[in-house]
Amino acid sequence: MFEGRLRLFLVWLCAALFMGPVSLAVAQEKDGVGDLKLPGISSYATPKSETPLALGGGGAITLSAQLTDKGTDITRGLVWRVFKPEAVNGKLPMVASAHGGSAVFQLEPGSYLVHASYGRAGATKRITVGKDAKRESLVLDAGGLKLDAVLSGGVRIPPKKLRFSIYEGTAEANGDRALIIPDVEPNSVVRLNAGIYHVVSTYGAVNAVIRSDIRVEAGKLTEATVEHHAAEITMKLVREAGGEAIADTSWSLLNESGDPIKETVGAFASMVLAEGDYTIIAKNRDRIYQKDFTVVAGQNQEIEVLATEAAAMDPEEGAD
């Protein structure tokens, strides 16, 4: 009888020991711990540290980029895009992107195409992602270009009147060049892949244009300054020397060959012109006046066209 009671006590003790964890688990569920929902992990993210994130079934890959093969990692200004290598409807599906410097992506195992852009410079690389964390780097082979222009003698040009356009260095069969960046402000840094580029500098909006080929070297900032041979010219129609400008005047500017290159209306005609010989024609009401003048590089001047019979033209002149 004693043995029977002892056996019953042992059975009760074992049952109590097994029931303890179950009660504890029930208590946790009532406290809400068992129903806790963690936020989903994005398929891509800009890293906040060098520690890769983990994703079940996928691999964490850290991407970095350098200007040259021996350069340091670029820390800002990068745009990363990750694509699947198989095109869908003629386009590569983008699966992730990030901005900044080095980036960590959480990707399912497989093959991908990674593109890194840095300004107008860029590079593409095929990568393979496995279950283990890894690193990949892209060498952009890129540099910077900083442009400016001056007048003869090193006179500064007002930045608002100066613009640059950057074209491909190699011309097409018809002589045209692919435009890369239009309307570049002076002294701004443009990031480009290493190579030769055709740069067009425009001072004003008429014909003061300088073209040059400039080489950009990887890992370096290339600073180029061109020299314009031009001047700012202001024209007015007056009844006497030093007189007031006559309003409602139409202006037509001809180059040395007699081709019209600029037309405008107003009491004053102000423009930047390349050095050379010109003819200005002013029309007011039914009268037409003209004057020949020469533009000297770096010498801004005011041209007065006298509204006199000596300067007047026959409106029928040149008509068939």
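About the cut-offs
Residues numbered from 1 in each chain as written. Predicted model: local features only at pLDDT ≥ 70, side-chain atom pairs only at ≥ 80, totals over all residues. Heavy atoms only, no water. Buried < 20%, exposed > 50% of the residue type's maximum accessible area, 1.4 Å probe, protein only. Helix = DSSP H or I, 4+ residues; strand = E, 2+ residues; numbered from the N terminus. Pairing = 2+ DSSP bridges. Phe/Tyr/Trp six-rings, centres within 6.5 Å; stacked < 30°, edge-to-face > 60°. Lys NZ or Arg CZ within 6 Å of the ring centre and 35° of its normal. Salt bridge = Lys/Arg side-chain N within 4 Å of Asp/Glu carboxyl O. pLDDT = per-residue confidence, 0-100. Contact = heavy atoms within 4.5 Å. Polar contact = N/O pair within 3.5 Å; in protein donor to acceptor, adjacent residues only side chain to side chain.

**Comments concerning the pairing of strand 15 (residues 221-228)**
Alternating residues of strand 15 divide into Thr222, Ala224, Val226 and His228, all buried, and Leu221, Glu223, Thr225 and Glu227, none buried. When strand 9 (residues 142-151) meets strand 15, the two strands line up parallel, connected through 8 bridges. Bridge pairing links Asp148 to Thr225 in strand 15.

**A short note on the packing of aromatic side chains**
According to the stated counting rule, one finds 1 aromatic pair in the structure shown. For the ring pair Tyr278 and Phe293, a centre distance of 5.8 Å and an interplane angle of 25 degrees mean the geometry is stacked. Note that Tyr278 is positioned in strand 20 (residues 276-284) and Phe293 in strand 21 (residues 287-295), a separation of 15 residues in sequence. Accessibility expressed as a relative area gives 5% for Tyr278, which makes it buried. Sitting over the ring of Tyr118, Arg191 keeps its end group 4.2 Å from the ring centre.

**Details of the pattern of salt bridges**
The full count for this structure, using the stated rule, is 8 salt bridges. Between Glu136 and Lys125 there is a salt bridge, with the nearest N and O atoms lying 3.0 Å from each other. With Glu136 in strand 8 (residues 134-139) and Lys125 in strand 7 (residues 121-129), this pair connects stretches of sequence that are 11 residues apart. Among the ionic pairs, Lys236 bridges to Glu304, the shortest N-O distance being 3.8 Å. Here Lys236 is found in strand 16 (residues 230-238), whereas its partner Glu304 is found in strand 22 (residues 301-306), with 68 residues between them in sequence. For the pair Lys236 and Glu304, a shared accessibility class is recorded, and that class is buried.

**Points about the confidence of the model for the protein chain**
Mean pLDDT over the protein chain: 84, with 80% of residues reaching 70 or higher. The low-confidence segment residues 1-56 (pLDDT under 50) makes 32 contacts with residues lying over four places distant or belonging to another chain.

**A look at the environment of Glu227**
As for its placement among the helices and strands, Glu227 is situated in strand 15. Spatially, the C-alpha atoms of Glu227 and Ser201 are 9.3 Å apart, while their sequence positions differ by 26 residues. Those residues in contact with Glu227 that lie beyond four places of it in its chain are Val150, Leu151, Ser152, Gly153 and Ile210. Among the polar contacts made by the side chain of Glu227, one reaches the side chain of His229 at a distance of 3.5 Å.

**Here's the deal with unusual backbone geometry**
One can expect most non-glycine residues to show negative phi and most peptide bonds to be in trans. Positioned with a positive phi, Asn187 is a non-glycine residue whose angle comes to about 65 degrees. Tracing the chain through its elements places Asn187 in the loop between strand 11 (179-184) and strand 12 (189-193). On the accessibility criterion, Asn187 (39% relative accessible area) is partly exposed. For Asp248, which is not glycine, the phi dihedral falls at a positive 55 degrees. Residue Asp248 is classed as exposed on the basis of its relative accessible area, which comes to 65%.

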